[in-house]
Amino acid sequence: MKRRSLIHSALASAAAGVVALPSWAQDKWPSKPVTYIVPFPAGGTTDILARLIGQKLGPVLGTTIVVDNRGGAGGSVGSEIASRAPADGYTLLGGTISSHAINVSLYPKLGYDPIKSFSPVALIGSNPVVLVVGQNSPYKTLQDVLAAAKAKPKTISSASAGSGTSQHLALELLGFKSGTQFIHVPYKGSGPAIQDVMGGQVDMMFDTTVVAGPHIQSGKLRALAVTSAKRLESLPNVPTVAESGVPGFEVVSWQGIFVPAGTPRPIIDRLHNEVLKILQQPEMQDRLKALGMQPSNMTTDQFAAFQKAEVEKWAQVIKAANVKLE
């Protein structure tokens with residue numbers, strides 16, 4: 001009887017242990033498709049990277065990565081949706097400098113906390129922003145643009161992927177540091193914005209080299225200046241904004257992957273390791289560098305510290321430049 005009681009007790013304890021296992025372990029995560037939310041329309045940097053990584057990440061995990069574009073409010077709409085998703089490893093978010101560093105200082109009623117609402121998975125990389133105009137634009141250099149803007153303030157229009165994006169902030173900084181004024185034309189993403197720049201409906205645009213690069217190579221866009229501290233290897237003949245008469249100017253965009261806060265640590269670690277392996281593949285390294293992006297190999301803790309520093313940095317910039325949303 002004692003032995004039988006011990007067996008029953010052992011079985012009960014084992015059963016309790018099984019019940020206590022988190023659902024992701026029971027389901028052998030992932031057991032269904034994973035949604036990768038892109039908080040911008042198709043065609044922008046975040047969308048391009050999500051599809052590149054998703055194509056490789058899905059087979060490695062043994063599932064399908066479904067890219068879901070939820071654009072609006074500089075990445076805030078899609079980010080809020082992701083923040084409310086179950087923390088079960090089935091929702092990824094393509095977070096950016098806009099959605100996870102800038103917007104919190106611009107939107108008084110942001111529906112999520114860029115730090116508390118998410119757990120960082122991996123920093124994909126960073127890339128400078130380039131100022132471009134259409135191929136038929138009369139502006140050949142940044143000096144041409146500044147001269148025209150000073151002669152007739154608020155007559156030159158500049159598109160962006162949305163209010164609060166790095167494209168918008170780059171424009172505000174340019175105006176602040178050069179003492180000029182422009183017309184900001186926000187869109188719901190880089191895709192439609194850059195199409196209007198190429199079509200001549202908008203005078204110019206700051207955009208990432210990921211999006212603008214192919215159009216510069218095709219001749220549909222003319223690059224006037226890059227926002228990095230040094231010239232880019234991919235655009236060696238294009239001067240920096242600082243070289244073009246605005247000293248101290250530097251804006252570098254970045255892209256990362258996040259999951260809702262509370263996602264089990266083993267899932268975060270698995271995602272981090274697999275994404276880094278993908279980013280370190282020579283083929284992916286070449287692809288990202290060709291797009292003007294510098295791949296990252298930060299740990300999740302380093303990414304978290306980097307993001308926190310970015311939030312603080314842009315809060316100071318926005319206050320100093322007195323940036324206001326339309």
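Each remark here, short or long, concerns the structure printed above.
In what follows, the accompanying structure is described. Bear in mind that the values here come from a model prediction, so they are computed numbers and not experimental data.

The rules behind these values
- Residues numbered from 1 in each chain as written.
- Predicted model: local features only at pLDDT ≥ 70, side-chain atom pairs only at ≥ 80, totals over all residues.
- Heavy atoms only, no water.
- Helix = DSSP H or I, 4+ residues; strand = E, 2+ residues; numbered from the N terminus.
- Buried < 20%, exposed > 50% of the residue type's maximum accessible area, 1.4 Å probe, protein only.
- Contact = heavy atoms within 4.5 Å.
- Arc of directions from axis to C-beta.
- Core = buried A, V, L, I, M, F, W, Y, C linked by side-chain atoms within 4.5 Å.
- Axes fitted to C-alpha atoms, helices over the stretch in contact; angles between N-to-C directions.
- Parallel < 35°, antiparallel > 145°, perpendicular 65-115°, else oblique.
- Nonpolar A, V, L, I, M, F, W, Y, C, P; charged D, E, K, R; others polar.

**Some thoughts on the environment of A161**
- Its place among the elements puts A161 in the loop between β5 (157-160) and α7 (166-178).
- Residue class for A161 comes out buried when judged on its relative accessible area of 5%.
- Separated by 31 residues in sequence, A161 and P192 place their C-alpha atoms 8.2 Å apart.
- Residue contacts for A161: discarding those within four places in its chain leaves Q167, Y187, K188, G189, S190 and M205.

**So, helix α4 (residues 76-83)**
- The complete set of buried residues in α4 reads S76, G78, S79, A82 and S83. The buried residues of α4 occupy an angular sector of 165° when projected down its axis, which confines them to one face.
- Here the buried face of α4 lies against β1 (34-38), β3 (91-96), α5 (97-102), β4 (118-134) and β9 (252-260).

**Quick look at unusual backbone geometry**
- Cis geometry marks the peptide bond from W29 to P30, where omega comes out at -10°.
- The residue P30 is located in the loop between α2 (23-26) and β1 in this model.
- Even without being glycine, A73 reaches a positive phi, approximately 55°.
- Its location among the elements puts A73 in the loop between β2 (65-69) and α4.

**Details of the nonpolar core**
- Core analysis: the biggest nonpolar cluster contains 44 residues, and L142, V145, L174, F182, M204, F249 and W314 have the highest contact counts within it.
- If you list the elements that add at least two residues to this core, you get α5, β4, α6 (142-151), α7, β7 (204-208), β8 (221-226), β9 and α12 (300-321).
- Among the elements that line this core, the one with the most residues is α12, at six residues.
- Contact partners of W314, with chain neighbours within four places excluded, come to I97, A101, I102, L169, L173 and V251.
- Judged by nonpolar contacts, the second largest core, of 32 residues, contains L61, V67, V210 and I257.

**So, the packing of helix α3 (residues 45-61) against helix α11 (residues 282-290)**
- Where α3 meets α11, the closest approach of the two axes is 12 Å, and the angle between their N-to-C directions is 175°. With respect to their mutual orientation, α3 and α11 come out roughly antiparallel. Across the interface between the two elements, L49, L52 and K56 from α3 touch E283, M284, R287 and L288 from α11.
- Its residues placed into classes, the contact of α3 with α11 shows four nonpolar, no polar and three charged.

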